[in-house]
Amino acid sequence: MFMRTPLPLMRGATAGNRPWTATERDKLAALYTTEPRPSGKTIAQLPDRTESAVTTEASRLGLNGRGMELRKCLPCQRMFNSASKGDRICPRCEPMVAEYA
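A quick note: this is a predicted structure, and the numbers were derived from the prediction, not measured.

### What about the overall build of the chain?
When helices and strands are counted, the chain shows four helices and two strands. Of the regular secondary structure in the chain, the N- to C-terminal order runs α-α-α-β-β-α. Out of the 101 residues belonging to the chain, those deemed buried represent 23%. By sequence separation, contacts in the chain at least 24 residues apart represent 35% of the contacts at least 6 residues apart. For the chain, the exposed surface amounts to about 7,400 Å²; the carbon and sulfur share of it is 57%.

This is how it looks when you write it as structure tokens:
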């Protein structure tokens, strides 16, 4: 009897999707923080991404909260939405910074 070897779970660029560039992330952050916020479909058309890819990347960047302000992350220098002036590390860099703390 032949056993199938399970395939690894593929995410991001390994699943055939293009990785997000810093310029695309900056555009996404700028669009996501405008008032009133454009619909997900409208934002997805600009960088040529699917609506789910846009919402996933926005969530990774921490752009989903209301009343947030766009600030630059100290370790990586990317723009992200922070809840307060003291919040200067983006969600992507938090694990790395916590590891060295």
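### Some details on unusual backbone geometry
A positive phi is found at Q77, a non-glycine position, where the angle reads about 70°. Take Q77: it is sitting in the loop between β1 (69-72) and β2 (79-82).

### Some words on the nonpolar core
Core analysis: the biggest nonpolar cluster contains 10 residues, these being W20, L28, A29, Y32, I43, A44, V54, A58, L61 and L63. The biggest single contributor to this core is helix α1 (residues 22-32), with three residues. Excluding its chain neighbours within four sequence positions, the residues that come into contact with W20 are R25, L28, R49, A53, V54 and E57.

### A short note on α1
Restricting attention to buried positions, one finds in α1 the residues E24, R25, L28, A29 and Y32. Buried residues along α1 cover an arc of 135° about the axis, so they all sit on one side.

### Quick notes on the packing of α1 against helix α3 (residues 51-60)
Their axes nearest at 11 Å, the elements α1 and α3 cross at an angle of 90°. Of the possible angle classes, the one that applies to α1 and α3 is roughly perpendicular. Residues R25, L28 and Y32 of α1 form the contact with α3, whose participating residues are V54, E57 and A58. By residue class, the composition of the contact of α1 with α3 is four nonpolar, no polar and two charged.

### Some words on the environment of V97
Here V97 is to be found in helix α4 (residues 94-100). Accessibility expressed as a relative area gives 29% for V97, which makes it partly exposed. Spatially, the C-alpha atom of V97 lies 8.4 Å from that of P75, the residues being 22 residues apart in sequence. Apart from the residues within four sequence positions on either side, V97 is in contact with P75 and I89.

### A look at the state of the cysteines
The term disulfide refers to a covalent linkage connecting the sulfur atoms of a pair of cysteines. Using the criterion set out here, one finds zero disulfides in the structure. Sulfur of C73: no disulfide; nearest cysteine sulfur belongs to C76 and is 3.5 Å away.

Parameters at a glance
- Residues numbered from 1 in each chain as written.
- Predicted model: local features only at pLDDT ≥ 70, side-chain atom pairs only at ≥ 80, totals over all residues.
- Heavy atoms only, no water.
- Helix = DSSP H or I, 4+ residues; strand = E, 2+ residues; numbered from the N terminus.
- Buried < 20%, exposed > 50% of the residue type's maximum accessible area, 1.4 Å probe, protein only.
- Contact = heavy atoms within 4.5 Å.
- Areas by Shrake-Rupley, 256 points an atom, 1.4 Å probe, with all protein chains shown as cover.
- Core = buried A, V, L, I, M, F, W, Y, C linked by side-chain atoms within 4.5 Å.
- Arc of directions from axis to C-beta.
- Axes fitted to C-alpha atoms, helices over the stretch in contact; angles between N-to-C directions.
- Parallel < 35°, antiparallel > 145°, perpendicular 65-115°, else oblique.
- Nonpolar A, V, L, I, M, F, W, Y, C, P; charged D, E, K, R; others polar.
- Disulfide = S-S within 2.5 Å.

Treat this as a map of the structure, not an account of what it does.
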